[in-house]
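Secondary and tertiary structure notes
Next come the chains, spelled out residue by residue.
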Amino acid sequence: MYLSTHSYSSPTSSSIFRACKVRFASTLSPSVNHSFSSASRTFARSSPSRAFTPPSNVSCRSLSFSSALRSIRYSSSQRWSHGADWRSPVSLRAQIRSSSPVLERFERKITTMASEHPFNGILSGLPKPEGGEFGKFYSLPALNDPRIDKLPYSIKILLESAIRNCDNFQVTKEDVEKIIDWENSAPKQVEIPFKPARVLLQDFTGVPAVVDLASMREAITALGSDAAKINPLVPVDLVIDHSVQVDVARSENAVQANMDLEFKRNKERFAFLKWGSTAFQNMLVVPPGSGIVHQVNLEYLGRVVFNTKGILYPDSVVGTDSHTTMIDGLGVAGWGVGGIEAEAAMLGQPMSMVLPGVVGFKLTGKLRDGVTATDLVLTVTQMLRKHGVVGKFVEFYGEGMGQLSLADRATIANMSPEYGATMGFFPVDHVTLQYLKLTGRSDETVAMIEAYLRANRMFIDYNEPQEEKVYSSYLDLELSDVEPCISGPKRPHDRVPLKDMKDDWHLCLDNKIGFKGFAIPKEKQEKVVKFSFNGQPAELKHGSVVIAAITSCTNTSNPSVMLGAGLVAKKACELGLEVKPWVKTSLAPGSGVVTKYLLQSGLQKYLNQQGFNIVGYGCTTCIGNSGDLDESVASAIADNDLVAAAVLSGNRNFEGRVHPLTRANYLASPPLVMAYALAGTVDIDFEKEPIGTGKDGKSVYFRDIWPTSEEIAQVVQSSVLPEMFKSTYEAITKGNEFWNQLSVPSSSLYGWDSDSTYIHKPPYFDGMTMDPPGPRGVKDAYCLLLFGDSITTDHISPAGSIQKDSPAAKYLMDRGVDRKDFNSYGSRRGNDEVMARGTFANIRIVNKLLNGEVGPKTVHIPTGEKLYVYDAAMRYKSSGQDTIVLAGAEYGSGSSRDWAAKGPMLQGVKAVIAKSFERIHRSNLVGMGILPLCFKAGEDAETLGLTGHERYTIDLPEKTSDIKPGQDITVTTDNGKSFTCTLRFDTEVELTYFDHGGILQYVIRNLSKQ
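Residues numbered from 1 in each chain as written. Predicted model: local features only at pLDDT ≥ 70, side-chain atom pairs only at ≥ 80, totals over all residues. Heavy atoms only, no water.

With respect to the overall build of the chain
The condition that has to hold: The helix and strand labels rest on DSSP assignments: H or I over at least four residues marks a helix, E over at least two residues marks a strand, and numbering proceeds from the N terminus. When accessible area is computed with a 1.4 Å probe and restricted to protein chains, residues below 20% of their type maximum are described as buried, those above 50% as exposed, and intermediate ones as partly exposed. By definition, residues are in contact when any of their heavy atoms lie within 4.5 Å. Only the protein chains shown count as cover for residues, with accessible areas throughout obtained via the Shrake-Rupley method and a probe of 1.4 Å.
A count of helical and extended segments in the chain gives 34 helices and 34 strands. Residue burial in the chain is summarised as follows: out of 1010 residues, 67% are buried. Relative to all contacts within the chain whose residues are 6 or more apart in sequence, the contacts with residues 24 or more apart total 78%. About 33,100 Å² of surface is accessible on the chain, with carbon and sulfur atoms providing 48% of the total.

Next up, the structure:
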């Protein structure tokens, strides 16, 4: 056993370094997995144990690698079409095949190396019960190594991937041995390469990814190479779900009205994505109006086991949305990465990562009556956040697993980013198989999945004796101990038991400004603001709910909580309760399946009566697309400095994210969202105070409208049917009228429009040559911003509304864009000019250089002027002066947002010095060539006496070969201070990216040499 957290030690093994260097020799991998490797994020460390030799006593079989790539043939079929067999996303691409000389050369290279595969000896057939075989697979039991049986299931997926991809070139036998010896090697920070089976995108991150790919084509052409080399080599699925906003609510026509506005605002973006689906091979685009990316992935795109040209292997996916982890609930290894890293993975670049520790999380018992999966995930999030799981896998096991539905598991897996883990993994068992059948996967497919996983000892059967697994550390939770709760008002892991909510709210009003404080004077806490709403009297006070949203992949994929919300609405209607009309209510399902079962159950009409009409199929309020509040409500809040509240069934509630005017934002289950909407305030004790007065004049309490678990289960059983999933995903292949009418050019190079405010060619590759620029230190840099703890990617690069007086707004207005057409920052991520101006533009950001003032400004140190951050950054940049950012702990937590690294780079930031970094954001900084440095334990800007008014010099060796991952770096200031930081390049591969000026520059140079 070893502890769950380990002190950092850099990989020093010369063999590891040699392996890394040889991997840099080629970006295009002669991979054995047909380019769809399975696995999970692999991170390895030098192994002290015996060398591993694959067995020779198993009959050898050479593997044909003509299937290594999906050689794509151009078809008149639209690129978003999913093909004839809606249940098999592998077949989606049968309609979108096209040829490419680059792919053909890659395929020939793989074919040549096929017979040399070191593990051909364990390539085995998987028989069908009725005769014949499903295909061939690399058999872990055939290795005859007892260490494998004790590996966590998530690590077995990494092992299978390494074996299948082993070519002693990019993946070596030494890498395989490190994973087999995981118990000893995991604490040593060894690195191994990983190639995902597929890449998942949503449109907010997908547009900049396609912009980058289009720019890379031009860059590689400028270097004298072939633009066709820039093509995804693994399947890329892009689901458009982040663009729809709640402009229209409480209307039967809300879906159509919001979709009309969505297409009007985003026509150029959508056309660009449609162009990308034809210009780039292996890219599938699911049109807007289809659902939320992670629910579509769970219900449809997730394969669990691939069968590619007769070779079987586990599904794996990396996504440019941090909640890609939701698919872990299905037993598919998946997690979020930065957009920059995903782009490199698309182009065949192996992902070099550190073999993670695995926290074993044992579940026992069952949830009490009335307790929801949302209550459970908020409890788990708090426990794991306290335990410390950053950079680790969490694997759930125990007898309590059988009490959790697949949707419950997906809810827990979804919030892995909130508790800090790379994955929250649920191994495949009978519950998984039942869900696959429910969602319309064929009986033959489910039989193949079960047979493969059993044969490779990756299936859990709780009816059989269990082999004891070894974990890095252990946690356990008795499910009956979970109680109803919500989280907030500013962070997902600040859980509040429902019974304590009223007391906690009053403490938040009293406390000084912080994550649990608003500093409202006692004499002002009971202030009531009266106003007129559509001609009728209305009132608000601190804690009044003005937004109530049932939304987000976290919960809308779970029938029990969605139907539970419908039952609350039904009981409230029958008792005569009604949500106040000034509360902005909305329901945004994650797929059309939800609409079908809400209608089947007869509960949608009650939701409509309470104002929860369906507003669209997308993320909406959870990502800040909540739309405007009524002007009378907005004025009442702003003019009286009220702490108004939003309650949503989402996964993020960071300050300024949900809506600029809701300073208190609480995460809750859909039924609780309904309850708080009915109460109209978060300042209530549901156990003691009535929610309202019924039509009979009597008080109605929480217990009167709350459904029992049995009531919910009965409705789920009768209302959620397999045919609903089949018909929904068959319809996706037909698209919609708006999408089908978009016409796009057929050119392979994009025709940039200099007047466009949505799509703009970024400057990353301007002036690029074949010679890497080498290490770059920082000389006499000014501090652009001085932060405390928990600065999120929403603070750094907000996704929501563009404020009318911001630099981004000025840029848009100067180009003739009316304020009503600003759209959101997230929708304009294809334009670097807007996004550079939107960096550090969150209206709730706290910069210590401003001495307590909140907002997106900073002090220009040389002049002492207070300027917008962008304006100050440009003044430094135009003077040739470097800048840095000083920060506290958990810098960059939240969404996997590559613009949170791209924006600072464009503003001229050369380094970020923080107490700690969120995993994905640190990787993004590296990918953009920004130095990530960590203060030593116990130190930060405050303890070191740094005011942010100093000038900072960071000396680096002149040669990359003289820099080591995790080494100490000295930082000096112009007033004589000196302190030591840890250089957070965690692998040799990351050093190589830095040497090239960024990961994409590295990929371009390597591809140019092919």
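Structure shown, so let's carry the discussion forward.
Observations regarding the sheet that holds strand β5 (residues 236-239)
Put simply, the rule reads: Two strands are said to pair when DSSP picks up at least two bridges between them. Lines fitted to the C-alpha atoms define the axes, with helices restricted to the stretch that makes contact. Angles between their N-to-C directions range from 0 to 180 degrees.
The 5 strands are arranged β6-β5-β4-β9-β10 in an open sheet whose pairing can be described as parallel. Of all strands in the sheet, those with a lone pairing partner are β6 (283-286) and β10 (333-336), marking the two edges. For this sheet, the mean angle separating the axes of adjacent strands, direction not counted, is 20°. Pairing analysis gives 3 bridges linking strand β4 (residues 198-202) to strand β9 (residues 316-319), with the strands arranged parallel. From the neighbouring strand, Arg 198 faces β9, where its bridge partner is Val 317. On top of the sheet, helix α9 (residues 293-301) reaches β4, β5 and β9; it is set at about 140° to β4, its chief contact.

Focus: the packing of aromatic side chains
The following threshold applies: Within 6.5 Å between ring centres, the rings of Phe, Tyr and Trp (the latter by its six-membered ring) count as paired, and their orientation is classed by plane angle as stacked under 30 degrees, edge-to-face over 60, tilted in between.
In total, this model carries 31 aromatic pairs according to the counting rule given. Between Phe 787 and Phe 840, the ring centres sit 5.9 Å apart and the planes meet at 40°, which makes this aromatic pair tilted. Linking Phe 787 in the loop between β26 (778-786) and α27 (793-796) with Phe 840 in the loop between α29 (832-838) and β27 (857-860), this pair joins segments that are 53 residues apart in sequence. Looking at Phe 840, the relative accessible area reads 1%, which means it is buried.

Brief notes about the sheet that holds strand β13 (residues 393-397)
Strand order across the open sheet formed by 4 strands is β14-β13-β12-β15, with parallel pairing between neighbours. Two strands lie at the open edges of the sheet, namely β14 (423-425) and β15 (473-478), each paired on one side alone. With direction set aside, neighbouring strand axes in the sheet form an average angle of 20°. Bridge count between β13 and β14: 3 bridges; the pairing is parallel. If you follow Val 394 over to β14, its bridge partner there is Gly 424. Packed on one face of the sheet, helix α4 (residues 153-165) meets β12 (358-364), β13 and β14 and runs near 125° to β13. Of the strands in this sheet, β12, β13 and β15 touch helix α11 (residues 373-387), which is tilted by about 150° from β15.

Let's talk about the nonpolar core
Under the convention used in this document: We call a set of buried residues a nonpolar core when its members are Ala, Val, Leu, Ile, Met, Phe, Trp, Tyr or Cys and they connect through side-chain atoms within 4.5 Å of each other.
Formed by 314 residues in total, the largest nonpolar core has its most connected members in Phe 396, Phe 612, Tyr 676, Phe 686, Tyr 891 and Ile 913. Here this core gets 10 residues from one element, more than from any other, and that element is helix α7 (residues 203-222). Ignoring anything within four residues of it in the chain, the contact list for Tyr 891 reads Phe 787, Ile 791, Ile 796, Phe 840, Val 885, Val 912, Ala 914, Ser 916, Phe 917, Glu 918 and His 921.

Observations concerning the pattern of salt bridges
Definition in use: Definition used for salt bridges: Asp or Glu carboxyl oxygen within 4 Å of a side-chain nitrogen of Lys or Arg.
In total, this model carries 47 salt bridges according to the counting rule given. A salt bridge links Lys 178 to Asp 175; its shortest N-O distance comes to 3.5 Å. With Lys 178 and Asp 175 both in helix α5 (residues 173-180) and 3 residues apart, this pair spans about one turn of that helix. Both residues of the pair, Lys 178 and Asp 175, count as buried. Among the salt bridges present, the one from Glu 853 reaches Lys 866, with a minimum N-O distance of 2.8 Å. Of the two residues, Glu 853 sits in the loop between α29 and β27 while Lys 866 sits in strand β28 (residues 865-868), which places them 13 residues apart along the sequence.

Points about the confidence of the model for the chain
Note: predicted coordinates in regions of low pLDDT should not be interpreted at a detailed level. Heads up, the rule is: Confidence per residue, as judged by the predictor, is encoded in pLDDT with a range of 0 to 100.
Chain-level statistics for the chain give a pLDDT mean of 87 and a share of 88% at 70 or above. Under a pLDDT of 50 for its full length, residues 90-99 has, in the predicted model, 46 contacts with residues more than four places off or in other chains.

Some thoughts on the side chain of Gln 1001
Quick reminder of the rule: Contacts described as polar in this section are N or O atom pairs within 3.5 Å, which, within protein, must combine one atom able to donate a hydrogen with one able to accept it, while residues neighboring in sequence count only if both atoms come from side chains.
With respect to the helices, strands and loops of the structure, Gln 1001 is situated in helix α34 (residues 999-1008). Gln 1001 gets classed as buried once you look at its relative accessible area, which sits at 12%. Among the polar contacts made by the side chain of Gln 1001, one reaches the main-chain carbonyl oxygen of Tyr 764 at a distance of 3.5 Å. Those residues within four positions of Gln 1001 in sequence are excluded, and the remaining contacts are Tyr 764, Phe 765, Met 768 and His 996.

Focus: the environment of Arg 829
Mapping Arg 829 onto the fold places it in the loop between α28 (807-814) and α29. Expressed as a C-alpha distance, the spacing of Arg 829 and Val 211, which sit 618 residues apart in the sequence, is 9.3 Å. The contacts of Arg 829, once residues within four sequence positions are left out, are Phe 204, Thr 205, Pro 208, Ser 797, Ala 799, Met 835, Arg 897 and Trp 899.

Things to note about α11
We count it as follows: Between the first and last residue of a helix there are one fewer steps than residues, each counted as 1.5 Å, and that sum is the expected span.
For α11, built from 15 residues, the straight-helix expectation of 21 Å at 1.5 Å per residue is met to within 8% by its first-to-last C-alpha distance of 21 Å. Along α11, the residues classified as buried are Ala 373, Thr 374, Asp 375, Leu 376, Val 377, Leu 378, Thr 379, Val 380, Thr 381 and Leu 384.

Focus on the environment of Val 190
Along the chain, Val 190 turns up in the loop between α6 (182-185) and β3 (191-194). When the C-alpha positions of Val 190 and Ile 179 are compared, they lie 9.7 Å apart, and in sequence the two are 11 residues distant.

Examining the pairing of strand β29 (residues 883-886)
Neither face of β29 is open: one carries Thr 883 and Val 885, the other Ile 884 and Leu 886, and all of them are buried. Where β26 lies against β29, 4 bridges are found, and the strand directions are parallel. Among the inter-strand pairings, Tyr 782 is bridged to a residue of β29, identified as Thr 883.

Concerning the packing of α11 against helix α12 (residues 406-414)
Counted only if it meets this: Helix crossings get a hand from a simple test, with the near helix turned counterclockwise from the far one by less than a right angle marking a left-handed crossing and a clockwise turn marking a right-handed one. Three residue categories are used. Nonpolar comprises Ala, Val, Leu, Ile, Met, Phe, Trp, Tyr, Cys and Pro, charged comprises Asp, Glu, Lys and Arg, and polar comprises the others, including Gly.
It is at 9 Å that the axes of α11 and α12 come closest, and there the two elements cross at 35°. The element α11 and its partner α12 pack so that their crossing is right-handed. For the pair α11 and α12, the contacting residues are Ala 373, Leu 376, Val 377 and Val 380 in the first and Asp 408, Thr 411 and Ile 412 in the second. For the contact of α11 with α12, the per-class residue count stands at 5 nonpolar, 1 polar and 1 charged.

Thoughts on the side chain of Lys 229
Basically, it comes down to this: Charged residues are defined narrowly, with Lys and Arg counted positive, Asp and Glu counted negative, and His plus the chain ends left uncounted.
Along the chain, Lys 229 turns up in the loop between α7 and β5. Here Lys 229 sits buried without a salt bridge, and the closest side chain of opposite charge, Asp 226, lies 6.7 Å off (N-O distance). Here the side chain of Lys 229 touches Leu 1007 through a polar contact of 3.0 Å, landing on its backbone oxygen.

Comments concerning the pairing of strand β22 (residues 645-648)
By the alternation rule, side chains of β22 split into Ala 645 and Val 647 and Ala 646 and Leu 648, which are all buried. Pairing of strand β20 (residues 545-550) with β22, which is carried by 4 bridges, proceeds in the parallel orientation. Residue Val 545 lies in a different strand from β22, and its bridge partner there is Ala 645.

Quick look at helix α18 (residues 559-575)
Here α18 is 17 residues long and its end C-alpha atoms lie 24 Å apart, about the 24 Å a rise of 1.5 Å per residue gives. The buried count for α18 comes to 13 of 17 residues, which makes it a mostly enclosed element. Gly 576 sits one or two positions beyond α18 and adopts a positive phi of about 95°.

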